[in-house]
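# Fold and geometry: a report
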Amino acid sequence: MPESLLVSVVLHNVASDEEIELEVHPQSTAYSVKCLAAEEWPLPAICQRLVIDGVVVEDCVKIGHFRGREEHIYGTVERCLEGLHARLQDDNPQARLSGVRAAASVLLTDYDEAVAALEPVLRHDPDDEVRRCAVDTLASACKKG
């Protein structure tokens, strides 16, 4: 893809005070930008809130929407567990499974919050595979001793 067709997105991670610059197609969605950020920072896309121009950007919004006269699009990434909680309560067991896997990353930085998110899954999830994955996720976070 010719470089002139790409948009430069500079993201600031509020939690770590780090910045990254991504080159994306203007038709890329906010969610795809969050997925790219997740490759750089240990925060799954569903646990990110993307803010551009003071507005929380919905996952389906195209990044080119924010392209103006500036050379870069500047945004911030905040940690937000609403997406994780929603995924863990989804009707689809595969969605809940992906939420449990995302919780594994949260366990590394906020054990108590991740455990609180996983607790209803451990107690009430009707799917054996989802519950087993939640148990394995918690077990992997426990210190060996």
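Relevant structure appears above.
Residues numbered from 1 in each chain as written. Predicted model: local features only at pLDDT ≥ 70, side-chain atom pairs only at ≥ 80, totals over all residues. Heavy atoms only, no water.

Time to look at the overall build of the chain. In terms of regular secondary structure, the chain is built from five helices and five strands. Listing every helix and strand of the chain by position from the N terminus yields β-β-α-β-β-β-α-α-α-α. Viewed in the frame of its principal axes, the chain has a C-alpha envelope of about 50 × 35 × 30 Å. If you take every contact in the chain between residues at least 6 apart in sequence, the share linking residues at least 24 apart comes to 56%. About 8700 Å² of surface is accessible on the chain, with carbon and sulfur atoms providing 49% of the total. Where the 14 positive side-chain charges of the chain centre and where its 26 negative ones centre are 6 Å apart. (Helix = DSSP H or I, 4+ residues; strand = E, 2+ residues; numbered from the N terminus. Contact = heavy atoms within 4.5 Å. Areas by Shrake-Rupley, 256 points an atom, 1.4 Å probe, with all protein chains shown as cover. Lys, Arg positive; Asp, Glu negative; His and termini not counted. Charge placed at Lys NZ, Arg CZ, Asp CG, Glu CD.)

Once that is clear, we can look at the nonpolar core. In terms of nonpolar packing, the biggest core is built from 37 residues, with Val9, Leu11, Leu50, Ile63, Leu84 and Val100 touching the most fellow members. With six residues, helix 3 (residues 93-109) is the single largest residue contributor to this core. In this structure, Leu84 is in contact with Ile46, Cys47, Gly99, Ala102, Ala103, Val106 and Ala117, ignoring residues within four places of it in sequence. (Core = buried A, V, L, I, M, F, W, Y, C linked by side-chain atoms within 4.5 Å. Buried < 20%, exposed > 50% of the residue type's maximum accessible area, 1.4 Å probe, protein only.)

A separate point is the sheet that holds strand 5 (residues 72-79). Remark on secondary structure: sheet strands pair via backbone hydrogen bonds, oriented parallel or antiparallel. Within the open sheet, the five strands sit side by side as 2-1-5-3-4. Their pairing is mixed. The outermost strands of the open sheet, each flanked by one partner alone, are strand 2 (18-24) and strand 4 (55-56). Here strand 1 (residues 7-13) pairs with strand 5 via six bridges, running parallel. Bridged to Ser8 within strand 5 is His72. Sitting on the sheet, helix 1 (residues 30-40) is in contact with strand 1, strand 2 and strand 3 (48-52), with an inclination near 130 degrees to strand 2. (Pairing = 2+ DSSP bridges. Axes fitted to C-alpha atoms, helices over the stretch in contact; angles between N-to-C directions.)

Once that is clear, we can look at the packing of helix 3 against helix 4 (residues 111-124). Direction vectors running N to C along helix 3 and helix 4 enclose 155 degrees, while the axes themselves pass 7 Å from each other. Taken together, helix 3 and helix 4 sit at an angle that is classed as roughly antiparallel. Here Val100, Ala103, Val106, Leu107 and Thr109 of helix 3 come into contact with helix 4, specifically with Tyr111, Ala114, Val115, Leu118 and Val121. Taken together, the residues of the contact of helix 3 with helix 4 break down into nine nonpolar, one polar and no charged. (Parallel < 35°, antiparallel > 145°, perpendicular 65-115°, else oblique. Nonpolar A, V, L, I, M, F, W, Y, C, P; charged D, E, K, R; others polar.)

Two numbers describe how helix 4 lies on helix 5 (residues 128-141): the axes approach to 10 Å, and their chain directions differ by 155 degrees. Between helix 4 and helix 5, the angle is such that the two are roughly antiparallel. Crossing handedness for the pair helix 4 and helix 5: left-handed. Each of Tyr111, Val115, Leu118, Val121 and Leu122 in helix 4 lies in contact with helix 5, whose residues at this interface are Val130, Arg131, Ala134, Val135, Thr137, Leu138 and Ala141. A class-by-class count of the residues in the contact of helix 4 with helix 5 yields ten nonpolar, one polar and one charged. (Left-handed = near helix turned anticlockwise from the far one by under 90°.)

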